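Structural description and commentary
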Amino acid sequence: MKFILTLIFGCAASLGIHAQKPGDIFATANGRNFTAGDLPHDTQDLLTKQAKVIANARRQLLDRMIGDYLIEEEAKAKGLTPENLTEAAKAKATAPTEVQIDAVYEANRAAFGDKPQSEVRKQIVEFLRREPEDAALNKYIETLSAKYKVIKGKDINTPTLQPQDMIFSVGGRSFTVKEFEDKFKLVLYDVQADI
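All values reported here derive from a predicted model rather than from experimental measurement.

**Structural notes on unusual backbone geometry**
Unlike most non-glycine residues, Asn 30 shows phi in positive territory, near 50°. Mapped onto the elements, Asn 30 comes out in the loop between strand 1 (25-29) and strand 2 (32-35). Under the relative-accessibility criterion, Asn 30 is labelled exposed at 86%. One non-glycine residue, Lys 149, lies in the positive phi region at around 55°. Positionally, Lys 149 belongs in the loop between helix 6 (117-147) and strand 3 (150-152).

Structural data, given as structure tokens:
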């Protein structure tokens, strides 16, 4: 299942992180204290928003975990592969129109250089299909969620989560915080490292 997760790359450490305030000293060198206020404005914004960024990443990864499990279960039930089901769901997305393709080409003409539209058409179509395909896949996962009766447990961003806490269950199978953190440990570490 394709989700734009390059931003979403830990876990235990991320739960206890508090945003730096502009006056908080976070480093000292050669007798000089450095605060968040010494950083560029965009970096300051990221520091103050880091808890929110991590919480959003955890929610998206939980949704991914649920979706992956549902697609695997449906694939078993239908005797198909998860990839077959995913591609079938994405195939229901509408194709981009010629007008949309032309508009993207014209808006990005400088980036394409002197390449004619025919050379970059495939790239443009893939770009324009990404969002509708994700929407179609999410809609399919919603129908599977109802079919398999997904029950949400504790909020994945609760600060007092324990490894054995249930975060969701499907058809009598419970998934724990430990399973989530084991599966996405490196991804969440990368989110923290990017910040």
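**Here we look at the confidence of the model for the protein**
Put simply, the protein has an average pLDDT of 86, and 88% of its residues get 70 or more. Low pLDDT, under 50, characterises residues 1-19; the stretch is placed with 53 contacts to residues that sit more than four places away or in other chains.

**Some thoughts on the packing of helix 4 (residues 98-107) against helix 6**
Across the interface, helix 4 lies against helix 6 with an axial gap of 10 Å and an inter-helix angle of 110°. When the axes of helix 4 and helix 6 are compared, the pair comes out roughly perpendicular. For the pair helix 4 and helix 6, the contacting residues are Glu 98, Gln 100, Ile 101, Asp 102, Val 104 and Tyr 105 in the first and Gln 117, Val 120, Arg 121, Ile 124, Val 125, Phe 127 and Leu 128 in the second. Partitioned by chemical class, the residues of the contact of helix 4 with helix 6 number eight nonpolar, two polar and three charged.

**Description of the pattern of salt bridges**
For the structure on display, the rule yields 14 salt bridges. The residue Asp 68 makes a salt bridge to Arg 64 at a minimum N-O spacing of 3.8 Å. Separated by four residues within a single helix, Asp 68 and Arg 64 lie in helix 2 (residues 41-78), roughly one turn from each other. Asp 68 gets classed as buried once you look at its relative accessible area, which sits at 14%.

**Section: the packing of helix 2 against helix 6**
It is at 10 Å that the axes of helix 2 and helix 6 come closest, and there the two elements cross at 70°. Classified by the interaxial angle, the pair formed by helix 2 and helix 6 is roughly perpendicular. Residues Gly 67, Leu 70, Ile 71, Glu 74 and Lys 78 of helix 2 pack against Leu 137, Tyr 140, Ile 141, Leu 144, Ser 145 and Lys 147 of helix 6. Tallied by class, the residues present in the contact of helix 2 with helix 6 amount to six nonpolar, two polar and three charged.

Thresholds, definitions, all that
- Residues numbered from 1 in each chain as written.
- Predicted model: local features only at pLDDT ≥ 70, side-chain atom pairs only at ≥ 80, totals over all residues.
- Heavy atoms only, no water.
- Helix = DSSP H or I, 4+ residues; strand = E, 2+ residues; numbered from the N terminus.
- Buried < 20%, exposed > 50% of the residue type's maximum accessible area, 1.4 Å probe, protein only.
- pLDDT = per-residue confidence, 0-100.
- Contact = heavy atoms within 4.5 Å.
- Axes fitted to C-alpha atoms, helices over the stretch in contact; angles between N-to-C directions.
- Parallel < 35°, antiparallel > 145°, perpendicular 65-115°, else oblique.
- Nonpolar A, V, L, I, M, F, W, Y, C, P; charged D, E, K, R; others polar.
- Salt bridge = Lys/Arg side-chain N within 4 Å of Asp/Glu carboxyl O.

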